[in-house]
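Understanding the architecture of this molecule
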Amino acid sequence: MTPSTTARLLAASALGVALGGVAAAAPGLAAPGDPDVDISVVIDEITTPGQLTMTVADNTGVTLTENGSNAAARQFTGVTPKITVTDTRKPEEIPAGSFWAVVGQASQFVPAGGGAGFGPQYLGWSPRLLTGSTTGAVSPGEPVSSVISDGTGAPAVGLQGQELLVSTANAADETGSWEVNADLVLRTPVDVPAGEYHSTLTLSLFDQS
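Just so you know, these numbers come straight off a predicted model, no measurement behind them. (Residues numbered from 1 in each chain as written. Predicted model: local features only at pLDDT ≥ 70, side-chain atom pairs only at ≥ 80, totals over all residues. Heavy atoms only, no water.)

So, on to the sheet that holds strand S9 (residues 163-168). Strand order across the open sheet formed by four strands is S8-S9-S5-S12, with antiparallel pairing between neighbours. The open sheet has two free edges, formed respectively by strand S8 (138-140) and strand S12 (201-208), since each of these has just one partner strand. In this sheet, neighbouring strand axes are inclined to one another by 20° on average, regardless of whether the strands run parallel or antiparallel. In this sheet, S9 lies alongside S8 in antiparallel orientation, the contact comprising three bridges. Among the inter-strand pairings, Ser139 is bridged to a residue of S9, identified as Ser167. (Pairing = 2+ DSSP bridges. Helix = DSSP H or I, 4+ residues; strand = E, 2+ residues; numbered from the N terminus. Axes fitted to C-alpha atoms, helices over the stretch in contact; angles between N-to-C directions.)

By the definition in use, this model includes five salt bridges. A salt bridge links Glu179 to Lys82, with the shortest nitrogen-to-oxygen separation between them at 3.6 Å. Of this pair, Glu179 sits in strand S10 (residues 176-188) while Lys82 sits in the loop between strand S3 (74-79) and strand S4 (83-87), and the two are 97 residues apart along the sequence. Assessed through its relative accessible area of 26%, Glu179 is described here as partly exposed. Judged by its relative accessible area of 39%, Lys82 is partly exposed. For the salt bridge of Arg89 with Asp87, the shortest nitrogen-to-oxygen distance reads 2.8 Å. Here the residues in one salt-bridge network are Asp87, Arg89 and Asp207, joined through shared partners. (Salt bridge = Lys/Arg side-chain N within 4 Å of Asp/Glu carboxyl O. Buried < 20%, exposed > 50% of the residue type's maximum accessible area, 1.4 Å probe, protein only.)

On inspection of all chains with the given rule, the structure shows four aromatic pairs. Considering the side-chain rings of Trp100 and Trp178, the 5.5 Å spacing of their centres and the 40° angle between planes classify their relative orientation as tilted. Of this pair, Trp100 sits in strand S5 (residues 99-106) while Trp178 sits in strand S10, and the two are 78 residues apart along the sequence. A relative accessible area of 0% places Trp100 in the buried class. (Phe/Tyr/Trp six-rings, centres within 6.5 Å; stacked < 30°, edge-to-face > 60°.)

Next up on the list: the confidence of the model for the chain. Detail in the predicted coordinates should be disregarded across regions flagged by low pLDDT. Within the chain, residue pLDDT values average 87, and 85% of them lie at 70 or more. Between residues 1-25, whose pLDDT stays under 50, and residues either more than four places distant or in other chains, the model counts two contacts. (pLDDT = per-residue confidence, 0-100. Contact = heavy atoms within 4.5 Å.)

Further remarks concern the side chain of Glu174. Along the chain, Glu174 turns up in the loop between S9 and S10. Arg89 provides the closest opposite charge to the buried, unpaired Glu174, separated from it by 12 Å. A polar contact is formed between the side chain of Glu174 and the side chain of Ser133, at a distance of 2.6 Å. Looking at Glu174, its side chain comes within polar contact range of the side chain of Trp178, at 3.1 Å. Those residues in contact with Glu174 that lie beyond four places of it in its chain are Gly132, Ser133, Thr134, Thr135, Gly136, Ala137 and Val138. (Lys, Arg positive; Asp, Glu negative; His and termini not counted. Polar contact = N/O pair within 3.5 Å; in protein donor to acceptor, adjacent residues only side chain to side chain.)

Moving on, we get to the pairing of S9. Pairing of S5 with S9 involves five bridges; the strand directions are antiparallel. What sits directly across from Gly104, in S9, is Glu163.

Residue placement: Ser167 occurs in strand S9. For Ser167, a relative accessible area of 14% corresponds to the buried category.

This part takes up the nonpolar core. Nonpolar side chains in soluble globular proteins generally cluster together in the buried interior. By size, the foremost hydrophobic cluster in this structure holds 27 residues, and its most contacted members are Val85, Trp100, Leu123, Trp125, Leu165, Val166 and Leu186. Elements represented by at least two residues in this core include exactly S4, S5, strand S7 (123-129), S9 and S10. Among the elements that line this core, the one with the most residues is S10, at five residues. (Core = buried A, V, L, I, M, F, W, Y, C linked by side-chain atoms within 4.5 Å.)

As structure tokens, then:
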């Protein structure tokens, strides 16, 4: 091999080494971006239509006790649990002219040991609004006397039919929550047989839209 040939081979070898070095130092791929992804969401408040409801306070029933008996009648009195009417509707949700009412009706007074007993017409009440009405639109029902009149001038019909406990003439005039109860007065004939009697007072809420 001639000296010139050797020089050319060495030069080629040196070039190869140099190229290899250049290749190793060449720029790589661009660095990856931030791997985190922000997630956002807007959750609106749940809106449900308002409702008209009635609840009766927890109770174990009402025991009437003798109070005010005279020659005309045996009289027994007591007080109902609190009844709450709640209207969470917005005035614009209430159809024009709508009104609501709570009525009550008693069942036959039946002896604990069985038998005929006597009718609910002997039971009267005097409703009382315990929560103030901001507009005067909500009001209690009128008193109802036993068929044996209590002398107040109240209708002597008893609770044999549905009698008004509380109501509003125009539901859109006032919304909110109101409590009401009623004084109960049972007036029976003086010769009513002795014994324990039971009746059920049923309360109903009517929404007239």
